[in-house]
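For reference, the chains in residue letters:
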Amino acid sequence: GQQVMQIPQYQHVQEGEDFTTYCNSSTTLSNIQWYKQRPGGHPVFLIQLVKSGEVKKQKRLTFQFGEAKKNSSLHITATQTTDVGTYFCAGRGNTPLVFGKGTRLSVIA
Amino acid sequence: NAGVTQTPKFRVLKTGQSMTLLCAQDMNHEYMYWYRQDPGMGLRLIHYSVGEGTTAKGEVPDGYNVSRLKKQNFLLGLESAAPSQTSVYFCASSYYWSDTQYFGPGTRLTVL
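What comes next concerns the included structure. It should be emphasised that the depicted structure is a prediction, and the values quoted were computed from it without experimental measurement.

1. What to know about the layout of surface pockets
Reported here for the largest pocket is a volume of approximately 680 Å³. Contributing to the lining of the largest pocket are 34 residues, with Gln37(A), Gly40(A), Arg104(A), Gln37(B) and Arg108(B) lying nearest its centre. Of all the secondary structure elements, the ones that give two or more residues to the lining of the largest pocket are strand S9 (85-92) and strand S11 (103-108) of chain A together with strand S4 (31-38), strand S9 (87-94) and strand S11 (107-111) of chain B. For the lining of the largest pocket, the per-class residue count stands at 12 nonpolar, 16 polar and six charged. Size it by volume and the second largest pocket reaches roughly 480 Å³. Lining the second largest pocket are 21 residues, with Gln2(A), Gln3(A), Val98(A), Phe99(A) and Glu59(B) sitting closest to its centre. Of all the elements in the fold, those that place two or more residues in the lining of the second largest pocket are strand S1 (4-7) and strand S10 (98-99) of chain A together with strand S5 (42-49) of chain B. Of the residues forming the lining of the second largest pocket, the biggest block, four residues, is contributed by S5(B). Considering only residue class, the lining of the second largest pocket consists of 11 nonpolar, six polar and four charged.

Below is the structure:
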């Protein structure tokens, strides 16, 4: 079945450093979504990418969808303590959304 | 507008006991989902529904049953709980198949 791999599993950064998480699918995706889950909370939708090579920005967050629609990345510029949490990618091919295992981000002030 | 709500928030069961988790949404969404979240495993889909009266199996359906008798509600049942079902359970809903999923606050279940 469809698999979505996400790396790294954990990332510890100093406040102000950049952060990137990568997502790779075993199959071509029709779209990819990104979610953030704060500690003790529930996943919250961040963004959806649909087009090949698409790049979207939300303030300090930059999302990319690969040309082959099999990979994606989330980059955070100049992390802040409010960025702490787990970031999940979720890809959809011909199946319901398949979530990656997430990248847990810790930010040291 | 409460969004997606789940009851209960916490529950402790003994092995072999049964229980039902309730998910309710007030957004008139067609699609509803049950996930479980375990440390290091991300979110795994248990069952989902594409409309009132329909259900389908997800990635990890064994040991669970579901029902969607009303559009706004999606119930997840454990007939005979096992320690392996200790997890955090999230319900989610979406309007379209490929649309944003809105998650409930979760139910933390411990099976002793």
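2. Details of the sheet that holds strand S6 (residues 55-58) of chain A
Residue and element names in this part refer to chain A. One open sheet accounts for five strands, arranged S1-S3-S8-S7-S6; its pairing is antiparallel. Here the strands that pair on one side only, and so sit at the sheet edges, are S1 and S6. Along the sheet, successive strands turn relative to each other by an average axial angle of 15°, direction set aside. Summarising the sheet, strand S3 (residues 19-25) and strand S8 (residues 71-76) pair through six bridges and their orientation is antiparallel. Its bridge partner being in S8, Thr20 is matched across the sheet by His75.

3. Looking at the nonpolar core
By size, the foremost hydrophobic cluster in this structure holds 20 residues, and its most contacted members are Trp34(A) and Phe63(A). Those residues in contact with Phe63(A) that sit more than four places away from it in its chain are Trp34(A), Leu46(A), Ile47(A), Leu49(A), Glu54(A), Val55(A), Lys56(A), Gln58(A), Ser73(A) and Leu74(A). Counting residues in hydrophobic clusters, the runner-up holds 19 residues, among them Cys23(B), Trp34(B), Tyr89(B) and Cys91(B).

4. Some words on the environment of Asn31(A)
Secondary-structure assignment places Asn31(A) in strand S4 (residues 31-37). Considered as a pair, Asn31(A) and Lys70(A) are 39 residues apart in the sequence and their alpha carbons are 9.4 Å apart. Those residues within four positions of Asn31(A) in sequence are excluded, and the remaining contacts are Gln48(A), Leu49(A), Val50(A), Phe65(A), Ala90(A), Gly91(A), Arg92(A), Leu97(A) and Ser98(B).

5. Some thoughts on the pattern of salt bridges
All names here are of chain B. Enumeration according to the criterion identifies five salt bridges over all chains in this entry. A salt bridge links Arg36 to Asp38, with the nearest nitrogen and oxygen atoms 2.9 Å apart. Under the relative-accessibility criterion, Arg36 is labelled buried at 8%. Asp38 sits in the buried class, given a relative accessible area of 11%. Taking the shortest distance from any N to any O, the salt bridge between Asp38 and Arg44 comes out at 2.8 Å. Arg44 sits in the buried class, given a relative accessible area of 19%. Connected through salt bridges with shared partners, the residues Arg36, Asp38 and Arg44 form a single ionic network.

6. Some remarks on the interface of chain B and chain A
With 17 residues of chain B in contact, the opposing surface of chain A contributes 18 residues. The contact between chain B and chain A buries some 1,400 Å² in all, and 60% of this surface belongs to carbon and sulfur atoms. When the buried area of chain B at its contact with chain A is split by residue, Leu43(B), Trp97(B) and Phe103(B) rank highest and sum to 32% of it. Where chain B meets chain A, there are zero salt bridges. Where chain B meets chain A, there are three residue pairs in polar contact (both at pLDDT 80 or more). For the side of chain B that touches chain A, the secondary-structure elements that each account for two or more residues are S4 and S5 of chain B. With four residues, the top contributor of residues to the side of chain B that touches chain A is S5(B). Residues of the side of chain B that touches chain A, tallied by class, amount to nine nonpolar, seven polar and one charged.

7. Focus on the sheet that holds strand S3 (residues 19-25) of chain B
All names here are of chain B. The sheet built from four strands is open, its strands ordered S1-S3-S8-S7 with antiparallel pairing. Both edges of this open sheet fall to strand S1 (4-7) and strand S7 (65-67), since each of them pairs with a single strand only. Sheet twist, expressed as the mean angle between neighbouring strand axes with direction ignored, is 20°. Strand direction decides the pairing type here: S1 and S3, joined by four bridges, are antiparallel. Directly across from Val4, in S3, lies its bridge partner Gln25.

Reading guide: rules and limits
- Residues numbered from 1 in each chain as written.
- Chains lettered and ligands numbered in written order.
- Predicted model: local features only at pLDDT ≥ 70, side-chain atom pairs only at ≥ 80, totals over all residues.
- Heavy atoms only, no water.
- 1 Å grid on protein atoms, 1.4 Å probe; cavity = no way out; pocket = protein on both sides within 12 Å on 5 of 7 lines; lining within 4 Å.
- Points joined across faces, edges and corners; volume = space filled by probe spheres on them.
- Helix = DSSP H or I, 4+ residues; strand = E, 2+ residues; numbered from the N terminus.
- Nonpolar A, V, L, I, M, F, W, Y, C, P; charged D, E, K, R; others polar.
- Pairing = 2+ DSSP bridges.
- Axes fitted to C-alpha atoms, helices over the stretch in contact; angles between N-to-C directions.
- Core = buried A, V, L, I, M, F, W, Y, C linked by side-chain atoms within 4.5 Å.
- Buried < 20%, exposed > 50% of the residue type's maximum accessible area, 1.4 Å probe, protein only.
- Contact = heavy atoms within 4.5 Å.
- Salt bridge = Lys/Arg side-chain N within 4 Å of Asp/Glu carboxyl O.
- Buried area = accessible area lost by both parts, 1.4 Å probe.
- Polar contact = N/O pair within 3.5 Å; in protein donor to acceptor, adjacent residues only side chain to side chain.

Honestly, it's all geometry; don't read function into it.
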